[in-house]
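Given next are the chains, with one letter for each unit.
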Amino acid sequence: MLMLNMTWHEIEKHLKNVNDNIIISVGTCEQHGYHLPLGTDIFIAEYFADILSEKTGAIVAPTLNYGVNLPCDIHFAGTTSISAEILRETILSIINWWEQQGVVHFAILTCHGDPFHLQALQIKADNIKLIDISDIDYSDILEKQATIRHACEAETSIVLQLFPEKVKADKIQEFDIDSNNFKKYLFHEDKGMPKGYVGSLGFPSFGTKEKGICIVNSMIDKTINEGVEFLKASTKLADRQISTEK
Ligand SMILES: [Zn+2]
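Residues numbered from 1 in each chain as written. Predicted model: local features only at pLDDT ≥ 70, side-chain atom pairs only at ≥ 80, totals over all residues. Heavy atoms only, no water.

Q: Go over the packing of aromatic side chains with me, naming the residues and quoting the values.
A: The tally for this structure, following the rule as stated, stands at ten aromatic pairs. Here tyrosine 47 and phenylalanine 48 contribute two aromatic rings whose centre-to-centre distance is 5.1 Å and whose plane-to-plane angle is 85°, an arrangement assigned as edge-to-face. Classification of tyrosine 47 by relative accessible area gives partly exposed; the value is 30%. Given the relative accessible area of 0%, phenylalanine 48 is considered buried. Aromatic pair phenylalanine 116 and phenylalanine 187: ring centres 6.4 Å apart, planes at 85°, arrangement edge-to-face. (Phe/Tyr/Trp six-rings, centres within 6.5 Å; stacked < 30°, edge-to-face > 60°. Buried < 20%, exposed > 50% of the residue type's maximum accessible area, 1.4 Å probe, protein only.)

Q: So what's going on with the sheet that holds strand S4 (residues 128-132)? Residues and values would help.
A: Two orientations exist for strands paired in a sheet by backbone hydrogen bonds: parallel and antiparallel. Across the sheet, four strands lie side by side as S2-S1-S3-S4; this open sheet has parallel pairing. The open sheet is flanked by strand S2 (59-60) and S4, the only strands paired with a single partner. Here two bridges tie strand S1 (residues 21-26) to S2, and the two strands are oriented parallel to one another. Residue pairing in the sheet places isoleucine 22 in a bridge with isoleucine 59 of S2. Its contacts with the sheet place helix H3 (residues 84-100) against S1, strand S3 (105-110) and S4, and it is angled at close to 160° to S1. Its contacts with the sheet put helix H7 (residues 209-227) on S3 and S4, and the angle it makes with S4 is roughly 170°. (Pairing = 2+ DSSP bridges. Helix = DSSP H or I, 4+ residues; strand = E, 2+ residues; numbered from the N terminus. Contact = heavy atoms within 4.5 Å. Axes fitted to C-alpha atoms, helices over the stretch in contact; angles between N-to-C directions.)

Q: Can you lay out the coordination of the zinc ion for me, pointing to particular residues and giving the numbers?
A: Bound to the zinc ion on the protein side are His32 (NE2), Asp41 (OD) and Glu155 (OE), at distances that span 1.9 to 2.1 Å. Read in sequence order, the donor residues coordinating the zinc ion give the pattern H-x8-D-x113-E. Of this pair, histidine 32 sits in the loop between S1 and helix H2 (40-56) while glutamate 155 is found in helix H5 (residues 153-162), placing the two residues 123 residues apart along the sequence. Each member of the pair, histidine 32 together with glutamate 155, is buried. (Donors = N, O, S within 2.8 Å, 3.2 Å for Na, K, Ca; no water.)

Q: Give a description of the pattern of salt bridges that names residues and reports values.
A: Taken as a whole, this structure holds nine salt bridges when the rule is applied. For glutamate 12, the salt bridge is made with lysine 16, and the minimal N-O distance between the two is 4.0 Å. Residue glutamate 12 and its partner lysine 16 are both found in helix H1 (residues 8-17); the two are separated by four residues, about one turn of the helix. Take glutamate 12: its relative accessible area is 32%, and that puts it in the partly exposed class. Between aspartate 190 and lysine 184 there is a salt bridge, and its shortest N-O distance comes to 3.7 Å. Residue classification places aspartate 190 among the partly exposed positions, given a relative accessible area of 24%. Taking relative accessible area as the criterion, lysine 184 reaches 39% and is therefore assigned partly exposed. Put simply, Asp135, Lys222 and Glu226 are held in one network by salt bridges that share partners. (Salt bridge = Lys/Arg side-chain N within 4 Å of Asp/Glu carboxyl O.)

Q: Now, about the layout of surface pockets: what can you tell me, with residues and values included?
A: There is about 600 Å³ of room inside the largest pocket. Taken together, the elements giving at least two residues each to the lining of the largest pocket come down to helix H4 (115-121) and helix H6 (179-186). The element that contributes the greatest number of residues to the lining of the largest pocket is H6, accounting for four residues. Reported here for the second largest pocket is a volume of approximately 180 Å³. The wall of the second largest pocket is formed by ten residues, among which Ile11, Glu12, Leu15, Gln101 and Gly102 lie closest to the centre. Listed by contribution, the elements that provide at least two residues to the lining of the second largest pocket are H1 and helix H8 (235-245). Counting residues per element, the lining of the second largest pocket draws most heavily on H1, which supplies five residues. (1 Å grid on protein atoms, 1.4 Å probe; cavity = no way out; pocket = protein on both sides within 12 Å on 5 of 7 lines; lining within 4 Å. Points joined across faces, edges and corners; volume = space filled by probe spheres on them.)

Q: Tell me about the packing of H5 against H7, residues and numbers included.
A: With their axes 7 Å apart at the nearest point, H5 and H7 run at an angle of 90° to one another. Looking at the two axes, H5 sits roughly perpendicular to H7. Residues Glu153, Ala154, Ser157, Ile158, Leu160, Gln161 and Leu162 of H5 touch H7, and the partners they reach there are Lys209, Lys211, Gly212, Ile213, Ile215, Val216 and Met219. Looking at the contact of H5 with H7, its residues break down into eight nonpolar, three polar and three charged. (Parallel < 35°, antiparallel > 145°, perpendicular 65-115°, else oblique. Nonpolar A, V, L, I, M, F, W, Y, C, P; charged D, E, K, R; others polar.)

Put into structure tokens, the structure is as follows:
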């Protein structure tokens, strides 16, 4: 249930009578190698936000299409980053408006691993919860990688499963760098590019739809486990529903 398709009056009624929580998907506008589009993390976050909305009745807010990216990605056209401070400020400001309209809980969904992006979204408040969709166990699924990297075996598999038309498999270029050697780029210390970097890390050519099914199922479990209980209609709403039934 998308907020952007509803009128304000429908939203007001929904918050009063069905579910008084909101799901916010946070993507980022980021290069994903030669074979995946810049919207990859956006499309994935939106897919899981929809599932969580179906399970809970919580409304899905418009996606935040910008997040925090690695400085080394500035060398890839189109990639756009905002600062961690601006990301957090943006989330807090929009939440502030919705709180004044009676929204109780906010689940933030993201599928982007920049450490400063995740830190900005990790807000210490009882009514805000970050669900990092990508944080699952990949060890039994992947052949060439221990975990998810970037536009890699795992991420390519996810897109092959969810949006196969968006994968340019014939354009795949591979570049692997040890996680330890990539650390200085990951933590924004080195703003240059690793020599030979093509925008993806790991082994995208090993991505398959079958692996994608396993990953997506595991991500669905994670999203549901962490989100459904948190997003159930608040006690306030349950009390009101009981009193109207009388
Ligand atoms: Zn991604």
